[in-house]
Amino acid sequence: MWNRVTYTLLFYLALPSIFLYFLWRAIKSSDYRAGFLQRLALYDEEPSAQPIIHCHCASLAEVKAITPLLKKLIATCPSYDVVVTTTTPTGAREIRQQFAEQVTHVYAPLDSLDATARFCQQFNPVVSLFVEVELWPNWLHALKKTGTKL
């Protein structure tokens, strides 16, 4: 627990730099502008009435790695909605090209307590699959706290 508390404190101290980074990226690329509010877990999507399977892919390589599994989930679990989060615009673009309306794509929330709680409240996934090596202590904690299987 203390490791997550220390991490969270350091994360909040770094938040101004993180926002400056995203501002700089947004100035250079409309892709980063479009997804900025989603990184704060402020989504336009209406909550789904169906249970949700969530898959998080950091970027393009992880999206390509999980594509066969996503196709299988869509085919074999029609009573579930699939939500895919990515951290990069290239990963987001690949999800839209491969799956169009078959899945919901949103950008991953920043690993803050409030953004991760909003993500869980909005989507409330039954299960979350993380396809990357980075850890998201607050996001994983928020998912576990809501009963999501990881």
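Remember, it's a predicted structure, so these values are computed and weren't measured experimentally.

Rules used throughout
- Residue positions are counted from 1 within each chain, in the order its sequence is given.
- The predicted nature of this model means local features are confined to residues of pLDDT at least 70 and side-chain atom pairs, given and counted, to a pLDDT of 80 or more, with totals for whole chains, interfaces and linings taken over all residues.
- With hydrogens and water excluded, all non-hydrogen atoms of the structure serve as input to the side-chain values.
- Each nonpolar core is a collection of buried residues, namely Ala, Val, Leu, Ile, Met, Phe, Trp, Tyr and Cys, held together in the definition by side-chain atoms within 4.5 Å.
- Relative accessible area decides the class of each residue, using a 1.4 Å probe on protein chains only: under 20% of the type maximum gives buried, over 50% gives exposed, and in between gives partly exposed.
- Put simply, DSSP H or I for four residues or longer makes a helix, DSSP E for two residues or longer makes a strand, and each gets a number counted from the N terminus.
- Any two residues whose heavy atoms approach within 4.5 Å are treated as being in contact.

A. Molecular detail of the nonpolar core. With 14 residues, the main nonpolar core has Tyr43, Val106, Phe119, Phe123 and Trp139 as its most contacted residues. The greatest single-element share of this core, amounting to 4 residues, is contributed by helix H6 (residues 113-123). With residues up to four places along the chain from it excluded, the contact list for Tyr43 reads Gln38, Val106, Tyr107, Pro109, Phe119, Gln122 and Phe123. Of all hydrophobic cores here, the second largest spans 13 residues; its members include Val63, Val82, Phe99 and Val103.

B. The arrangement of the environment of Phe119 in detail. Tracing the sequence through the fold places Phe119 in helix H6. Taking the C-alpha atoms as reference points, Phe119 and Leu135, separated by 16 residues in sequence, lie 16 Å from one another. Ignoring sequence-local partners within four residues, the contact set of Phe119 consists of Ala41, Tyr43, His54, Thr85, Val106, Pro109, Asn124, Pro125, Trp139 and Leu143.

Honestly, it's all geometry; don't read function into it.
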